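Below are the chains, spelled out letter by letter.
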Amino acid sequence: MDKLANLRQRIILHPEPGSFTAEGESARWSNKDLDPVPQENKKWEWYHVGGFWIAEGFNVAQLETPSSAVALGLNPGLAIVACLIGNLLVTLPTMSSGYIGSKFGLNFPVVSRASFGMRGAYVAMVIRGVVCVIWMGVQSSVGGNAVRCMVEAIWPSFKHWHADALPSSASITAPDLLCFALFWIAQFPFLFLSINALRWMFMIKVIVMPFFGVILFTWALTAAHGWGPLFSIPNNITNGWTVGYAFCRTITASISGNATFAINMGDITRYAHDSRRAWQMQLLLPVCITLTEVLGTVLAASAQVVYGEVQWNPLQVVLLWDNRAAKFFAGFLFAFANIMTNVAGNSVPFANDLMGLFPKVINIRRGQIICAMLGFAICPWLIQAKAQRFLAFLNGYTVFLGPLIGLLLSDYWLVRRGRGFNVRSLYTPRNSLYWYTAGVNPRAIVALLTGIAPLLPGLAYSIDESLSVTRGALEFYTLSWLDGLVLTMVTYYLLYLAFPFETDPNHYISGEGEDMEAAESETVTEFAEEKSKVG
């Protein structure tokens, strides 16, 4: 019994003086990593935040999005235009998330309590957490392909190593499975870096990756003998749908690649030193991501000219190279790029969500480790097996992310008019502003379901095409993220007008006027620090 008690004490996260966690029942709602970030810990400068998009944009999954559209028969030029539109659409929600995170020092699980309620926010955390686990696995699978480029460059015979050891139904070969495991092991130590330490790793990526992108772009144009053959490839949609249908699907796929950041960005910008520049730097998203997608489109179309078929995965193009040194370094750089994307874009958000669900036992580091383990367990190579399946995956989870983003936008900008939060109440159960009905805001749940429900038939068809679904439902589904966002945003605001609730951040229902200062403070944690000094 003593050993079990000691183990329990080692697992439980004990509060520090002055934190919200140190106040009785609040321990259920916070811990050190979940509290607002103190000013002295805000070390991300504007160029770190801006460089995030330069670094984040360059990863294989971003390259695959437009090239998947090319593989399905869309003209490369139209694929790029569709991706640009998608990136522009997702930029405004990302700016909003970055603004809120940088101003209040709060992460997504805490911010979502304002709209969903203290308990209702669990729904939002689960929705995002599932997406992060899937992306963690997909990016690790892509990273495994990069490792294979490196290994084949050193040992060309590795290409045929136990090639038939696994059945075709596995959708992965023994060499690919080994490389996936090697990449997973290589990225594991990076999970132990703090958020502030990650900014230096991203600066390395910012310096190196643009040069690598220029090299790939130059090779593609040279190998295909200029622009002509690339962008004169005609539309060839063979599944019975129109070019417009494929175009809209590509818009949604492009949004999907960054839709999580429309929610996640606050998890990064809460560490930003300059709150104003932190959200302004989100304007780099459509520039950096679109340039990366241009590169992906050029590589896919170039492969069709050079090798006679569209290679929608750029790492498959690298594997076709004869120059072993070029193959090795390309694989190495792609692997490094995916490690940084995986850690900051997937493991950190998942850790925040799991921390919001179980703050007594989960902190950032523990959550990241669990994310990595789950990312291995989901067998992500099954998602990447085909271009059709990859686009279905990208479009599928936007059914949930679009409405979730729409609700957050509606709550902060339409309902609260951007007046901010009573931060102390976000950590206080029952008689606080954000307790609503038994900890749940029923308006948020109804609005969320309203945005999701019309998209479910299209989602079901994307999973099983043998189902009978009307053409109108499928066409509505092609812009699932935008449709769900608008429906939820409007519904939530109308429900607020019909059933209003208190939104004044200076109002504290329990009558404890001491929280007024916390509600008005930009860094908010100053309130907790002052409180600890008084204590």
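Residues numbered from 1 in each chain as written. Predicted model: local features only at pLDDT ≥ 70, side-chain atom pairs only at ≥ 80, totals over all residues. Heavy atoms only, no water.

J.: Describe the overall build of the protein chain, naming the residues involved and giving the relevant values.
T.: Summing up its helical and strand segments, the protein chain has 23 helices and 0 strands in all. Burial status across the protein chain gives 58% buried among its 535 residues. About 21,100 Å² of surface is accessible on the protein chain, with carbon and sulfur atoms providing 65% of the total. (Helix = DSSP H or I, 4+ residues; strand = E, 2+ residues; numbered from the N terminus. Buried < 20%, exposed > 50% of the residue type's maximum accessible area, 1.4 Å probe, protein only. Areas by Shrake-Rupley, 256 points an atom, 1.4 Å probe, with all protein chains shown as cover.)

J.: Hey, could you go over empty space enclosed by the protein for me, with residue numbers and the actual values?
T.: Tallying each qualifying case throughout the model produces 4 cavities of 30 Å³ or more. If you add up the space inside the largest cavity, you get close to 170 Å³. Along the wall of the largest cavity there are 15 residues; nearest its centre are Ser97, Ile100, Val111, Ala262 and Leu408. Put simply, the parts of the chain that give the lining of the largest cavity at least two residues each are helix H4 (76–104), helix H5 (108–116), helix H11 (261–269) and helix H17 (387–415). Tallied by class, the residues present in the lining of the largest cavity amount to 10 nonpolar, 5 polar and no charged. (1 Å grid on protein atoms, 1.4 Å probe; cavity = no way out; pocket = protein on both sides within 12 Å on 5 of 7 lines; lining within 4 Å. Points joined across faces, edges and corners; volume = space filled by probe spheres on them. Nonpolar A, V, L, I, M, F, W, Y, C, P; charged D, E, K, R; others polar.)

J.: Account for the packing of helix H6 (residues 121–154) against helix H16 (residues 364–377), with residues named and values stated.
T.: Contact geometry of H6 with H16 gives a least axis separation of 8 Å together with a crossing angle of 65 degrees. In terms of orientation, H6 and H16 fall into the roughly perpendicular class. Helix-helix and strand crossings are classified by hand; for H6 and H16 the assignment is right-handed. Seen from H6, the contacting residues are Cys132, Val133, Met136 and Gly137; seen from H16, they are Cys371, Ala372, Leu374 and Gly375. (Axes fitted to C-alpha atoms, helices over the stretch in contact; angles between N-to-C directions. Parallel < 35°, antiparallel > 145°, perpendicular 65-115°, else oblique. Left-handed = near helix turned anticlockwise from the far one by under 90°. Contact = heavy atoms within 4.5 Å.)

J.: So what's going on with the packing of aromatic side chains? Which residues, and what values?
T.: Counted under the stated rule, the structure contains 26 aromatic pairs. Plain terms: the ring middles of Phe52 and Trp53 are 5.4 Å apart, the flat faces sit at 80 degrees to each other, and that makes the pair edge-to-face. Neither residue differs from the other here; Phe52 and Trp53 are each classed as buried. Residues Phe180 and Trp381 carry aromatic rings whose centres are separated by 5.3 Å and whose planes lie at 80 degrees to one another, so their mutual orientation is edge-to-face. With a gap of 201 residues between them, Phe180 in helix H7 (residues 174–187) and Trp381 in the loop between H16 and H17 connect regions that are remote in the sequence. Residue Phe180 is classed as buried on the basis of its relative accessible area of 1%. Classification of Trp381 as buried rests on a relative accessible area of 12%. Aromatic ring contacts, followed pair by pair, group Tyr99, Phe104, Trp279, Tyr412, Trp413 and Phe421 into a single cluster. (Phe/Tyr/Trp six-rings, centres within 6.5 Å; stacked < 30°, edge-to-face > 60°.)

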